[in-house]
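Observations on chain architecture
If you want the building blocks of each chain, they are given just below.
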Amino acid sequence: MRGGNWVGVVGRRLRKQTSYFSVHSTSSTSTEYPNILGPNLPGVWTPTNQSHRPQSSAIFSNGNSARIIDGKPIAKDIKFRIAGEIQRMKAAIGKSPGLAVVLVGQRRDSKTYINNKLKACDEVGIATMVEELPESCTESELLDVVSRFNEDPSVHGILVQLPLPQHLDEEKIMTAVNPEKDVDGFHPLNMGNLALRGRQPYFIPCAPKGCIELLLRFGMEISGKRSVVIGRSKIVGLPTALLLQRHHATVSTVHSFTKNPEQITSQADIVVSDVGIPNLVRGNWLKPGSVVIDMGTNLVKDTSSRHGFRVTGDVCYEEAVKVVSAITPVPGGVGPVTISMLLSNTLDSAKRAFRFT
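All values reported here derive from a predicted model rather than from experimental measurement.

Let's shift gears to the confidence of the model for the protein chain. Across the protein chain, the average pLDDT comes to 85, with 82% of residues at or above 70. In the model, residues 1-45 has pLDDT below 50 throughout and makes 118 contacts with residues more than four positions away in sequence or in other chains. Below pLDDT 50 for its whole length, residues 59-63 participates in 4 contacts with residues either more than four positions away or in separate chains.

As structure tokens, this is what we get:
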């Protein structure tokens, strides 16, 4: 949609919680559903479950086996708990969380991401509002939309889908979001508090939060471990490194100016990658027995696929799985848990707004 004045399409979705995540018991209390992920910060949080047994592993002729860190059952469990909390909230005060999503332009990948998030909100009972703006919208028009959602008491989370068109200042837009509704965790106040010991952000960015949750759920020790984060984006790399430090890991960051990245990475007990380069991390980059969290999402041409492409991560999975002790698949690893973290952040925001415990 190009040219002309922007056209806002606002659709409020007040949908019923699906039966898949229904909690039929009427005896639920707050003690049954503590903070979904345990206390986040400061200090080290612990997951709801002490550990999660993997459903599969890759076993090779040399006797080595890599645990496959499947994010789907983790996300399912978190969604179930969130749905229970929202049902309890509705029963107690007659209100539920609300998430506002802002989409600028017609990027196919952005629309796909938003649809996945809206579907997840429907499943747990979060009301959603979507505002679509044309790619040609002005910065002032976008800021007006953000301001309106900031003032709307029925909105507890605001998500501005990134990336934005180049003529819009992403930093300015993200700073305009009320930090108490910044469920993506990108506001400078939230990022700054994440970086400072003794401070607690309102929200932690969803993908890094999901990364740590997977490590904890699968019983991976973080404290004292050498960790390498490949990439330093504000969305994934930087906050992931900060979270690993909060959990007392020794963290190195590898980026485009790093010399001998494979040498640095090969010393790491935990490797996290999100740079958008398919198969960048090869088997010889990895320390035997290390843990790999692949947060890259890349489309690679594949004539054998009916879509003509397949989704792959940054890590050469076929090589890595023969070296490491545990690894996330792409897709199906961090992705599902990232969306569940968005739901968790939105629920936490609503609880704070309603003073509901």
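After that view of the structure, there is still more to cover.
Attention now moves to unusual backbone geometry. In the segment running from Leu162 into Pro163, the intervening peptide bond is cis, with an omega of 0 degrees. Looking at the element boundaries, Pro163 is found in the loop between β6 (157-160) and α4 (170-176). Residue Val330 is joined to Pro331 through a cis peptide bond whose omega torsion reads 0 degrees. Mapped onto the fold, Pro331 is located in the loop between β13 (326-327) and α10 (334-354). Although it is not a glycine, His248 sits at a positive phi angle of roughly 70 degrees. Considering the arrangement of structural elements, one finds His248 in the loop between α7 (237-246) and β8 (250-254). Judged by its relative accessible area of 42%, His248 is partly exposed. You will see that Asn279, though not glycine, has its phi angle at about 60 degrees, which is positive.

Our next topic: the nonpolar core. In this structure, Ile69, Leu99, Leu215, Ile222, Ile293 and Met295 are the most contacted members of the largest nonpolar core, which totals 55 residues. For this core, the elements supplying multiple residues, two or more each, are α1 (71-93), β4 (98-104), α2 (108-124), α6 (206-217), α7, β9 (270-273), β10 (291-294) and α10. The element contributing the most residues to this core is α10, with 8 residues. Residue contacts for Leu215: discarding those within four places in its chain leaves Met220, Ile222, Leu244, Ile270, Val291 and Ile293.

This part covers the pattern of salt bridges. Following the criterion strictly, the structure yields 14 salt bridges and no others. Residue Arg81 pairs with Asp77 through a salt bridge whose shortest N-O separation is 3.2 Å. You can see Arg81 and its partner Asp77 sitting in helix α1, 4 residues apart, about one turn around the helix. Via salt bridges that share partners, Asp77, Arg81, Glu213 and Arg217 belong to a single interconnected network.

All right, on to the layout of surface pockets then. Estimates place the volume of the largest pocket at around 1,800 Å³. Around the largest pocket sit 50 residues that line it, and Asp109, Tyr113, Thr297, Gly335 and Thr338 are the ones nearest its centre. If you list the elements that add at least two residues to the lining of the largest pocket, you get α1, α2, β6, α6, β11 (298-301), β12 (309-312) and α10. In terms of residue count, α2 provides more of the lining of the largest pocket than any other element does, 10 residues in total. Residues belonging to the lining of the largest pocket are distributed by class as follows: 26 nonpolar, 13 polar and 11 charged.

The end-to-end C-alpha distance of helix α3 (residues 139-151), which contains 13 residues, comes to 18 Å, matching closely the 18 Å that a straight helix rising 1.5 Å per residue would cover. Every buried residue belonging to α3 is among Glu139, Glu141, Leu142, Val145, Val146, Phe149 and Asn150, and all of these are buried. Of the surrounding elements, those touching the buried residues of α3 are β4, β5 (127-133), β6 and α4.

Describing two packed helices takes the angle between their axes plus the distance from one axis to the other. In the contact formed by α1 and α10, the axes pass within 9 Å of each other and the chain directions differ by 20 degrees. Relative to α10, the element α1 is oriented roughly parallel. Crossing of α1 against α10: the hand is left-handed. Seen from α1, the contacting residues are Gly71, Lys72, Ile74, Ala75, Ile78, Lys79, Ile82, Glu85, Ile86, Arg88, Met89 and Ile93; seen from α10, they are Pro336, Val337, Ser340, Met341, Leu343, Ser344, Leu347, Ala350, Lys351 and Phe354. Residue composition of the contact of α1 with α10, grouped by class: 14 nonpolar, 3 polar and 5 charged.

Burial of α7 is extensive: 8 of the 10 residues sit out of reach of the surface. Elements in contact with the buried residues of α7: α5 (188-195), α6, β7 (226-230), β8 and β9. Residue His248 follows α7 closely and has a positive phi angle near 70 degrees.

What follows concerns the side chain of Arg246. Mapped onto the fold, Arg246 is located in helix α7. Here the side chain of Arg246 touches Leu194 through a polar contact of 3.1 Å, landing on its backbone oxygen. Within the structure, the side chain of Arg246 is placed 2.8 Å from the backbone oxygen of Leu196, a separation counted as a polar contact.

Rules and cut-offs
Residues numbered from 1 in each chain as written. Predicted model: local features only at pLDDT ≥ 70, side-chain atom pairs only at ≥ 80, totals over all residues. Heavy atoms only, no water. pLDDT = per-residue confidence, 0-100. Contact = heavy atoms within 4.5 Å. Helix = DSSP H or I, 4+ residues; strand = E, 2+ residues; numbered from the N terminus. Buried < 20%, exposed > 50% of the residue type's maximum accessible area, 1.4 Å probe, protein only. Core = buried A, V, L, I, M, F, W, Y, C linked by side-chain atoms within 4.5 Å. Salt bridge = Lys/Arg side-chain N within 4 Å of Asp/Glu carboxyl O. 1 Å grid on protein atoms, 1.4 Å probe; cavity = no way out; pocket = protein on both sides within 12 Å on 5 of 7 lines; lining within 4 Å. Points joined across faces, edges and corners; volume = space filled by probe spheres on them. Nonpolar A, V, L, I, M, F, W, Y, C, P; charged D, E, K, R; others polar. Expected span 1.5 Å × (residues − 1). Axes fitted to C-alpha atoms, helices over the stretch in contact; angles between N-to-C directions. Parallel < 35°, antiparallel > 145°, perpendicular 65-115°, else oblique. Left-handed = near helix turned anticlockwise from the far one by under 90°. Polar contact = N/O pair within 3.5 Å; in protein donor to acceptor, adjacent residues only side chain to side chain.

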